[in-house]
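One letter stands for each residue in the lines below.
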Amino acid sequence: MRARYFYGWNVVGATFVMALFSFGLGFYGIAAYVATLQHLHGWSASAVSAPVTVYYVAGALLTAASAPVYERLGARVVVAAGAAAMAAGVATLGLVDRPWQLYPVFLVMSVGWGAMSGAAINIILAPWFQRRRGLAVSLAFNGATLGGVLVTPALIQLVAALGFARALAIAALVSLVTLLLMALAVMRRGPETLGAGPDGDAPRAGPPRPAVGDDRRWRRDALSTWRFWSVSAPFALGLAAQVGVLTHLVALVTPALGASGAARVVSTTTTAALIGRLATGFVVDRVNRRLVTSATLVVQLAGLALLAREPSAVGVYAGCALFGLGVGNLTTLPGLILAVEWPRERFSSLVGLVVGINQLTFAFGPSLVGVVRDWAGAYGAALGVCAALQAISAVLILLGPGPAAKTREG
């Protein structure tokens, strides 16, 4: 008999909170740290940006290796350790007074990012949901979007009111206490600990858990298949373009709208991301997920086309709204495609690998947009490069073998 209420939705809520803080402090908050450090110390953009690239690269490598750690220690321990690392890095960031000190601080933060970013959401929820995984993952990832809407603006206001060091110390303490309580109170290894199966169904026998050696072999085998790269490559290219545009979005729209208008544009973009992810979450379990991905990229292309035209208020807001509709989906959809195209026992290791490759690639997106913009003297050419990357991604994702290959190759 199916339980009236499935505990897995509590886990969705917990991962929502995890994403709220990990993305609010560890992704969207990066722009606030960079701007404040430049203002306080007069450091150059390159001196502050280089450690950020190291942060994303280190986080990508840790993300790719996160699945065995989650399998061995469980979500409760890994999330608690990641929360401690993220909080320690954020708090220490307010105390640095030399550019070189940013490197060890961001490396500590990267441990938290690797433990609590997109791969972690997929890995934590994978044992709890199968039929309704698309909805569950989409709901949890909305915490990431709200991290940009709520946590980062609150952090900026806190810095203005209390100063950089005190604001970061308070933010670190709040995130640490919240995430520790959430991990200890809610996180469990899987529904079998409650005598249930995925989605609250009756428990059923599944394949034995793979040994560590088998896990490594699976990943090596996956890297040699087009089925794997037909998921990884399109999202890596699409996210490089997306993160590059988001990093430079304020600078792009400020000449046309001013500083207050730029703030409203950021809100428009993140609100559209929330709407796009929710809408996709309600239908993605019933449609072809590769087609959804391609459509998402095409919508973002339309947004970039509007942004690349002569700037006007209407065009900028419309372009950012269209672009924003896909922002959340590009982080959610890789895991959802893997879930239907690979055996369930391979999912955790492969999603960590895909997300790690994606993060390693998008770490260079902001630099790509900046270099092309400086070379051309305007953002139009840079947006054209991003549009080309997304067009390639929209085609590549449709060239994969799709769910039918799961039985033959899995």
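The notes below deal with the structure included here. If you're wondering where the values come from, they're calculated on a predicted model, not measured in any experiment.

Okay, the overall build of the protein chain next. Each helix and strand counted, the protein chain has 19 helices and zero strands in total. In terms of overall size, the protein chain behaves like a compact globule, its C-alpha atoms giving a radius of gyration of 21 Å where 410 residues would be expected to give roughly 22 Å. Buried positions account for 53% of the 410 residues belonging to the protein chain. Just so you have it, the protein chain exposes about 16800 Å², and 68% of that area is on carbon and sulfur atoms. Of the side-chain charges in the protein chain, 29 are positive and 14 negative, and the distance between the mean point of each set is 5 Å.

Turning to empty space enclosed by the protein, a few remarks are in order. As enumerated under the stated definition, the model contains one cavity of 30 Å³ or more in all. One number sums up the size of the largest cavity: a volume of about 250 Å³. Around the largest cavity, the lining is made up of 22 residues, and of these Phe 23, Phe 27, Leu 239, Thr 331 and Phe 362 lie nearest the centre. Secondary-structure elements contributing two or more residues to the lining of the largest cavity are α8 (133-162), α11 (226-247), α15 (329-341) and α16 (347-362). Of the residues assigned to the lining of the largest cavity, the class counts are 14 nonpolar, seven polar and one charged.

A few words on the pattern of salt bridges. A full pass over the atoms with the stated rule returns two salt bridges. The partner of Asp 97 in a salt bridge is Arg 98, and the shortest N-O contact between them spans 3.9 Å. Accessibility expressed as a relative area gives 46% for Arg 98, which makes it partly exposed. Arg 290 is the salt-bridge partner of Glu 341, the closest N and O atoms lying 2.7 Å from each other. Of this pair, Glu 341 sits in helix α15 while Arg 290 sits in helix α13 (residues 289-308); the two residues are 51 residues apart in sequence, bridging distant segments of the chain. Each of the two residues, Glu 341 as well as Arg 290, counts as buried.

Turning next to the packing of helix α7 (residues 118-125) against α8. At a minimum axis distance of 10 Å, the contact between α7 and α8 shows a crossing angle of 140 degrees. Between α7 and α8, the crossing angle belongs to the class labelled oblique. With respect to the hand of their crossing, α7 and α8 are arranged in right-handed fashion. Contact with α7, carried on its side by Gly 118, Ile 121, Asn 122 and Leu 125, involves Ala 136, Val 137, Ala 140 and Phe 141 of α8 and no other residues of that element.

The N-to-C vectors of helix α4 (residues 66-73) and helix α5 (residues 75-93) enclose an angle of 125 degrees; their axes lie 7 Å apart at closest approach. Classed by the angle they form, the pair α4 and α5 counts as oblique. Here Val 69, Tyr 70 and Leu 73 of α4 come into contact with α5, specifically with Ala 75, Val 77, Val 78 and Val 79. Of the residues belonging to the contact of α4 with α5, the class tally is seven nonpolar, no polar and no charged.

Note on terminology: disulfide describes a covalent bond linking the sulfur atoms of two cysteines. Throughout the structure, instances matching the rule amount to zero disulfides. The thiol sulfur of Cys 320 is not disulfide-bonded, and the nearest other cysteine sulfur, from Cys 386, lies at 13 Å. Here Cys 386 falls in the buried class, since its relative accessible area comes to 1%.

This brings us to the packing of aromatic side chains. In the structure shown here, the tally under the stated rule is 13 aromatic pairs. When the ring centre of Tyr 7 is taken as origin, the NZ or CZ atom of Arg 188, which lies over that ring, is 5.1 Å away.

What follows is about helix α14 (residues 313-325). Helix length check: α14 (13 residues) gives 18 Å between terminal C-alpha atoms against 18 Å at 1.5 Å per residue, within 8%. Turning to α14, its buried residues number three or more, namely Gly 315, Val 316, Gly 319, Cys 320, Phe 323 and Gly 324. An end-on view of α14 places all buried positions within 155 degrees of arc, on one side of the element.

This part is about the environment of Ala 32. With respect to the helices, strands and loops of the structure, Ala 32 is situated in helix α2 (residues 29-41). Owing to a relative accessible area of 14%, Ala 32 belongs among the buried residues under this scheme. In this structure the C-alpha to C-alpha distance between Ala 32 and Ile 156, which are 124 residues apart in sequence, comes to 6.8 Å.

A surface patch of nonpolar side chains, amounting to about 380 Å² of accessible area, comprises Val 54, Trp 100, Tyr 103 and Leu 107. If you trace the backbone, Val 54 turns up in helix α3 (residues 45-64).

To continue, consider the side chain of Thr 270. Among the secondary structure elements, Thr 270 is positioned in helix α12 (residues 249-283). Those residues within four positions of Thr 270 in sequence are excluded, and the remaining contacts are Thr 145 and Val 149.

Our focus in this paragraph is the nonpolar core. Counting 95 residues, the largest nonpolar core has Met 18, Tyr 33, Tyr 56, Val 79 and Leu 125 as its most contacted members. Discounting chain neighbours no more than four positions away, the residues touching Tyr 56 are Gly 26, Phe 27, Ile 30, Trp 113, Gln 359, Phe 362 and Ala 363. Judged by nonpolar contacts, the second largest core, of 22 residues, contains Leu 249, Val 327, Ala 382 and Cys 386.

Reading guide: rules and limits
Residues numbered from 1 in each chain as written. Predicted model: local features only at pLDDT ≥ 70, side-chain atom pairs only at ≥ 80, totals over all residues. Heavy atoms only, no water. Helix = DSSP H or I, 4+ residues; strand = E, 2+ residues; numbered from the N terminus. Rg over C-alpha atoms; globule rule 2.2 N^0.38 Å. Buried < 20%, exposed > 50% of the residue type's maximum accessible area, 1.4 Å probe, protein only. Areas by Shrake-Rupley, 256 points an atom, 1.4 Å probe, with all protein chains shown as cover. Lys, Arg positive; Asp, Glu negative; His and termini not counted. Charge placed at Lys NZ, Arg CZ, Asp CG, Glu CD. 1 Å grid on protein atoms, 1.4 Å probe; cavity = no way out; pocket = protein on both sides within 12 Å on 5 of 7 lines; lining within 4 Å. Points joined across faces, edges and corners; volume = space filled by probe spheres on them. Nonpolar A, V, L, I, M, F, W, Y, C, P; charged D, E, K, R; others polar. Salt bridge = Lys/Arg side-chain N within 4 Å of Asp/Glu carboxyl O. Axes fitted to C-alpha atoms, helices over the stretch in contact; angles between N-to-C directions. Parallel < 35°, antiparallel > 145°, perpendicular 65-115°, else oblique. Left-handed = near helix turned anticlockwise from the far one by under 90°. Contact = heavy atoms within 4.5 Å. Disulfide = S-S within 2.5 Å. Phe/Tyr/Trp six-rings, centres within 6.5 Å; stacked < 30°, edge-to-face > 60°. Lys NZ or Arg CZ within 6 Å of the ring centre and 35° of its normal. Expected span 1.5 Å × (residues − 1). Arc of directions from axis to C-beta. Patch = residues over 30% accessible without salt bridge, like charges linked within 9 Å, V, L, I, M, F, W, Y side chains within 5 Å. Core = buried A, V, L, I, M, F, W, Y, C linked by side-chain atoms within 4.5 Å.

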